[in-house]
Amino acid sequence: MPSTSTGALGPTIAIATCPEARPVDEDAPLLLAALAARGATASEQDWTDRDVQWGGFDLVVVRSTWDYASRRDEFVAWSRRVGAVTRLANPAPVITWNTDKHYLLDLASDGVPTVPTSFLDPTPDADRAGAAAWVAATAAPDTGFVVKPAVSAGARDTFRHAAPDIDPSSIDRAAEHAIAILRSGRSAMLQPYLDTVDDEGETGLVFFAGRFSHAFRKGALLRVDAGTVDGLFAPEDITPREPTDEQLVVAAGALDAARRRTGSELLYARVDLLVEPTGRSVVLELELTEPSFFLHTDADAAGRAAAAIVTAATSA
Ligand SMILES: Nc1ncnc2c1ncn2[C@@H]1O[C@H](COP(=O)(O)OP(=O)(O)O)[C@@H](O)[C@H]1O
Ligand SMILES: [Mg+2]
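Residues numbered from 1 in each chain as written. Chains lettered and ligands numbered in written order. Predicted model: local features only at pLDDT ≥ 70, side-chain atom pairs only at ≥ 80, totals over all residues. Heavy atoms only, no water.

Turning our eyes to something else, we now look at the sheet that holds strand E7 (residues 159–161). In space, the four strands of this open sheet follow the order E5-E8-E6-E7, with antiparallel pairing throughout. Where the open sheet ends on each side, the last strands, each with one partner, are strand E5 (118–120) and E7. Sheet twist, expressed as the mean angle between neighbouring strand axes with direction ignored, is 25 degrees. Note that strand E6 (residues 145–149) and E7 share three bridges and pair antiparallel. (Pairing = 2+ DSSP bridges. Helix = DSSP H or I, 4+ residues; strand = E, 2+ residues; numbered from the N terminus. Axes fitted to C-alpha atoms, helices over the stretch in contact; angles between N-to-C directions.)

Laid out in structure tokens, this is it:
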């Protein structure tokens, strides 16, 4: 294991990943090269590898740990263990808060525009009839809707359902899906399907050390009643995009709320926005744990990420 070193040799940095992500994480090679160019010694390490001496690194950066959704408790415990022996970014309080999408309720109550979301939490007596009653009471009859797990990444276990007025059986199918999520020990979430995503896509804004770096457009991912994702994440259509002033303001508000809620600074952040039918931008996700940065969409993004990481690794 590398020993802790600063100064002439540059900091040692662990990029936390998982075995399935290593071959498909497109940011990693760009980030490793940009870190090397700044004199840092950076290496990928699997977060589940028991042999890694995390305390030997100046900084551990959580990156493509995309397999945590089925083992969130273990992942949060890992973040606390690492945070106790070295710097972790983002820090354990952020990981704890951000790996469960109940944080959307916190953002909403802090005045950040968010996609309207209803949660159904697991209980010992959860059954299909109860789940169907929740869906029927929550989904607008004339609007398509999405059911997904509160702990999730890469659009896994995420389904789009038709408006109940158009297909009344969608309530039963959504209830069945919600029960499957509850049985996996996670809460289920229901949101209106914001169909502006079909044309405008989703906008992701990426920040390093609190400063806006770049933004991208992500094409729509869900088709009505289409199957779930087989692999680690759904294939995505990503292109560069200039954010609007409104999007920058909403994203900055989300970051401020996250800092207040967690008492932590954010080395990196990605705010994913959709557009409501009214034209208002709303937060779909605040990604503070393991977002792809899509560094290839901006020639200077890897350099900005690496500079922020090196600063964090060498700060007092
Ligand atoms: N309410 C929604 N309206 C429209 N599209 C949605 C909605 N919720 C999810 N999606 C689609 O599903 C994808 C994955 O959902 P998301 O909430 O980003 O979860 P995660 O990325 O954590 O799996 C989004 O990128 C988007 O294409
Ligand atoms: Mg997402």
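Let us look at the pattern of salt bridges. Considering all chains together, one arrives at 16 salt bridges under this definition. Notably, a salt bridge pairs Arg22 with Asp46, separated by 3.1 Å at the nearest N-O pair. Placement of the pair is Arg22 in the loop between strand E1 (12–17) and helix H1 (27–37) and Asp46 in strand E2 (residues 41–46), with a sequence separation of 24 residues. Taking relative accessible area as the criterion, Arg22 reaches 36% and is therefore assigned partly exposed. As a salt-bridge pair, Glu287 and Arg270 come within 3.2 Å of each other at their nearest N and O atoms. Separated by 17 residues along the polypeptide, Glu287 in strand E13 (residues 281–287) and Arg270 in strand E12 (residues 268–275) bring together distant segments of the chain. Here the salt bridges do not stand alone but share partners, grouping Asp67, Arg71 and Glu74 into one network. (Salt bridge = Lys/Arg side-chain N within 4 Å of Asp/Glu carboxyl O. Buried < 20%, exposed > 50% of the residue type's maximum accessible area, 1.4 Å probe, protein only.)

Cis rather than trans, the peptide bond between Ala89 and Asn90 has omega equal to -10 degrees. Looking at where Asn90 falls in the secondary structure, it is placed in the loop between strand E4 (87–89) and helix H3 (92–98). The backbone of Asp157 shows a phi angle near 60 degrees, a positive value even though the residue is not glycine. Along the chain, Asp157 turns up in the loop between E6 and E7. The phi dihedral of Phe294 is positive, around 50 degrees, even though this residue is not glycine. In this structure, Phe294 sits in the loop between E13 and helix H9 (301–314). Taking the relative accessible area as the measure of exposure, Phe294 reaches 9% and is therefore buried.

Quick look at empty space enclosed by the protein now. Inspection of every chain in the model, using the stated rule, returns two cavities of 30 Å³ or more. When its volume is computed, the largest cavity comes out at roughly 80 Å³. For the largest cavity, the lining is made up of 14 residues, of which Tyr68, Asn98, Lys101, Ser152 and Glu285 are closest to its centre. Residues that form the lining of the largest cavity fall into these classes: six nonpolar, four polar and four charged. Looking at which domains feed residues into the lining of the largest cavity, each of domain 2 (103–114 + 196–292) and domain 3 (118–192) gives three or more. Quantified by volume, the second largest cavity comes out at close to 30 Å³. Lining the second largest cavity we find Val61, Phe208, Leu267, Tyr268, Phe293, Ala305 and Ile309. Residue classes in the lining of the second largest cavity are distributed as seven nonpolar, no polar and no charged. (1 Å grid on protein atoms, 1.4 Å probe; cavity = no way out; pocket = protein on both sides within 12 Å on 5 of 7 lines; lining within 4 Å. Points joined across faces, edges and corners; volume = space filled by probe spheres on them. Nonpolar A, V, L, I, M, F, W, Y, C, P; charged D, E, K, R; others polar. Domains from an automatic or database assignment.)

Taking 1.5 Å of rise per residue, the 18 residues of helix H8 (residues 245–262) would be expected to cover 26 Å, and the 26 Å separating its terminal C-alpha atoms lies within 8% of that figure. Within H8, burial applies to Gln247, Val250, Ala251, Ala254, Leu255, Ala257, Ala258 and Thr262. Along the long axis of H8, the arc covered by the buried residues comes to 160 degrees, so they all point the same way. Residues of H8 that are exposed and angled more than 90 degrees away from the buried face: Asp245, Val249 and Arg260. (Expected span 1.5 Å × (residues − 1). Arc of directions from axis to C-beta.)

Membership of the largest hydrophobic core comes to 45 residues, with the highest contact counts inside it found for Ile13, Leu35, Val60 and Trp78. Listed by contribution, the elements that provide at least two residues to this core are E1, H1, strand E3 (59–62), helix H2 (72–85), E4, strand E9 (202–208) and H9. Per-element accounting of this core gives the leading share, eight residues, to H9. When residues of this core are sorted by domain, at least three fall in each of domain 1 (7–98) and domain 2 (103–114 + 196–292). Among the nonpolar cores identified, the runner-up in size contains 25 residues, and Leu107, Met189, Ala269 and Val283 belong to it. (Core = buried A, V, L, I, M, F, W, Y, C linked by side-chain atoms within 4.5 Å.)

Our focus in this paragraph is the side chain of Thr99. Its location among the elements puts Thr99 in the loop between H3 and helix H4 (103–109). Polar side-chain contacts of Thr99 include one of 2.7 Å to the side chain of Arg72. Polar side-chain contacts of Thr99 include one of 2.7 Å to the backbone oxygen of Ile95. (Polar contact = N/O pair within 3.5 Å; in protein donor to acceptor, adjacent residues only side chain to side chain.)

Turning our attention to the pairing of strand E10 (residues 211–218). Taking burial as the measure, the eight residues of E10 include six buried ones, the bulk of the element. Looking at chain direction, E9 and E10 are connected through seven bridges and run antiparallel. Bridge pairing in E10 places Gly204 opposite Phe216. Between E9 and the antiparallel strand that follows it, E10, lie two residues; Ala209 among them carries a positive phi value of about 50 degrees. Bridge count for E10 against strand E11 (residues 238–240) is three bridges, and the pairing is antiparallel. Bridging from a neighbouring strand, Lys218 pairs with Ile238 of E11.

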